[in-house]
Amino acid sequence: MRKSLLAAAGVLSAAALVLSACSNDSGGSDGPPTVVASTNVWGSVAAAVAGDKAQVTALYNNADGDPHEFEPSAADTATIADADILVFNGGHYDSYMEEAAANSDATAVDAFALLGGAEHSSEAGGEHAEHGDDHASGGDHSDGAHDHSHDDQNEHVFYDLPVVAQVADKVADALAERDPGNAETYRANAETFTTGIDGLRAKLTTIREQHAGTEVAQTEPLAGYLLTEAGLVDIAPAGFTQAVEEGQSPAAADRAALQDILVDRRAKVLIYNTQAVDPVTQAMRDVAGSAGVPVVKFTETLPDGVTDYLVWQGAQIDALTAALGSGSR
């Protein structure tokens, strides 16, 4: 079973993610715009755009627990109700935010809803996004770069870099509408952030150039979008990763199949979700270690001490790059 929630949710404590400074030229007499994000991942994206002109609060910032299991408190519900802008993952990852957005006058930025849209297709069609044939386990298998169906779609869109860039732009638009006096600042901040996303995608292009078609495995379909953009192929049994995704214990046959993949070193890297851990995933991590398969730890929320989305993903991509390099020797 997935790890139970280890800590109650609260607002982000880092100054970069909880911003309360008022601006002399902010719009409205009620103070700066308020943005509420479901997790500190989306909170960090919003904060990068808001700078010191708006207040950003994230409801879930536990580095160890499982965001899927989070249920908002009464105080959280009140915070959501008071927000001008809601930023959330969507795709039933944070259903309480989807429900709140449907019954609120707040501007909603739903990341999952941006999959497959015209803007996303254009963004994903750039030079850094010629994807491989398949998405990772749990995702949609498609010939197009991001020609996704939302049925049974991988909801971890914070690993889809074009979507994350679009979220930043949507947040900038929403803030500019609420606070026209600072519109240029919001849009400039969003441009800086999306330039950083371009830098991350360039790193994925480098991986693709050096390791296209390389087989890897995940314990859960967490980083499917990122792996696909990097030209990597997730060969973990779908039954295994889907069971972990659903908080269930994988079937014995799927456990055996993944173990064989690791023992035979067919997978050159094991991507290990540190926030979806149980005895079975721990056992697979140990099998990988014994077989000499590099293990790269990925997360669903920002690690302790990290407040910047670009820093977080950059470190994970660098770790993946190093692991692929070590496995090729």
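The name that an unreviewed UniProt entry assigns to the protein chain is ABC transporter substrate-binding protein, with the source organism given as Gordonia lacunae. Quoted straight from UniProt, the Subcellular location (unreviewed entry) entry for the protein chain says "Cell envelope".

J.: Kindly report on the nonpolar core, identifying the contributing residues and their values.
T.: In terms of nonpolar packing, the biggest core is built from 58 residues, with Trp42, Val87, Val167, Leu175, Tyr309 and Leu320 touching the most fellow members. When contributions to this core are tallied by element, the ones reaching two or more residues are β1 (34-39), α1 (40-50), β3 (85-88), α5 (161-178), α6 (183-211), α7 (224-229), β8 (295-298) and α11 (309-327). Here this core takes ten residues from α5, the largest share from any one element. Composition of this core by domain shows at least three residues from each of domain 1 (34-116 + 154-195) and domain 2 (198-325). In this view, Tyr309 contacts Val41, Ser44, Val45, Phe158, Leu161, Val164, Phe193, Ile197 and Leu200; residues no more than four positions away in its chain are not counted. Within the second largest apolar cluster, 17 residues are counted, among which are Ala217, Ala236, Leu270 and Val293.

J.: Could you give an account of α5, naming the residues involved and the relevant values?
T.: Taking 1.5 Å per residue, 18 residues should reach 26 Å; α5 reaches 26 Å between its end C-alpha atoms and fits that length. The buried fraction of α5 amounts to 13 of the 18 residues, a majority that puts the element mostly inside the structure.

J.: Kindly report on the pairing of strand β7 (residues 270-273), identifying the contributing residues and their values.
T.: Judged by which residues are buried, β7 turns out to be covered on both faces: Leu270 and Tyr272 on one side and Ile271 and Asn273 on the other are all buried. Where β7 lies against β8, four bridges are found, and the strand directions are parallel. Looking across to β8, one finds that Ile271 is bridged to Val296. Following the chain from β7 across helix α10 (residues 279-291) to the adjacent parallel β8, one finds a crossover that is right-handed.

J.: An account of the environment of Thr79 is needed here, citing residue identities and associated values.
T.: As for its position among the elements, Thr79 is in helix α2 (residues 74-81). Since its relative accessible area comes to 28%, Thr79 is described here as partly exposed. With 20 residues separating them in the primary sequence, Thr79 and Leu59 have C-alpha atoms 8.9 Å apart. In this view, Thr79 contacts Val36, Thr57 and Leu59; residues no more than four positions away in its chain are not counted.

J.: Break down the sheet that holds β3 for me, citing the residues and quoting the values.
T.: What the four strands build is an open sheet, ordered β2-β1-β3-β4; its pairing is parallel. Two strands lie at the open edges of the sheet, namely β2 (55-60) and β4 (107-110), each paired on one side alone. Averaged over all pairs of adjacent strands, the angle between strand axes in this sheet comes to 20°, irrespective of strand direction. Note that β3 and β4 share four bridges and pair parallel. By the bridge assignment, Val87 is partnered in β4 with Val109. Packed on one face of the sheet, α1 meets β1, β2 and β3 and runs near 150° to β1. Those strands touched by α2 are β1, β2 and β3, and its axis lies near 145° from that of β2.

J.: A description of the pattern of salt bridges should follow, citing residues and the corresponding values.
T.: Throughout the structure, instances matching the rule amount to six salt bridges. The residue Arg178 makes a salt bridge to Asp84 at a minimum N-O spacing of 3.8 Å. Here the residue Arg178 occupies a position in helix α5, and Asp84 occupies one in the loop between α2 and β3, the gap between them amounting to 94 residues. For Asp318, the salt bridge is made with Lys203, and the minimal N-O distance between the two is 2.9 Å. A residue pair is termed long-range when its members are at least 10 positions apart, and Asp318 in helix α11 and Lys203 in helix α6 qualify at 115 residues. Owing to a relative accessible area of 40%, Asp318 belongs among the partly exposed residues under this scheme. Take Lys203: its relative accessible area is 32%, and that puts it in the partly exposed class.

Cut-offs and rules
- Along every chain, residues carry numbers that run from 1 in the direction the sequence is written.
- Residue-level local features of this predicted model are given only where pLDDT is at least 70; pairs of side-chain atoms are given and counted only at 80 or more, and the full residue set underlies all totals for whole chains, interfaces and linings.
- Think of the side-chain values as coming from all heavy atoms in the structure, minus any hydrogens and water.
- UniProt positions are given in the numbering used here, feature names are shortened, and annotations may be inferred rather than shown by experiment.
- Definition used in this section: a nonpolar core is a set of buried Ala, Val, Leu, Ile, Met, Phe, Trp, Tyr and Cys residues joined via side-chain atoms within 4.5 Å.
- Type-normalised accessible area, obtained with a 1.4 Å probe on protein chains alone, sets the label of each residue: buried when under 20%, exposed when over 50%, and partly exposed for intermediate values.
- Numbering of helices and strands starts at the N terminus; helices are DSSP runs of H or I of at least 4 residues and strands are runs of E of at least 2.
- Each domain's extent is set by a domain assignment, obtained either automatically or from a database.
- Here, two residues are considered to be in contact whenever any of their heavy atoms come within 4.5 Å of each other.
- Every helix has an expected span of 1.5 Å times one less than the residues it contains.
- Strand pairing requires that DSSP identify at least two bridges connecting the strands.
- When the strands point away from the viewer and the path from the first strand over the helix to the second turns clockwise, the crossover is right-handed.
- Inter-axis angles, ranging from 0 to 180 degrees, are taken between N-to-C directions of lines fitted to C-alpha atoms, where helices are fitted over the stretch in contact.
- Here a salt bridge means any side-chain nitrogen of Lys or Arg lying within 4 Å of a carboxyl oxygen belonging to Asp or Glu.

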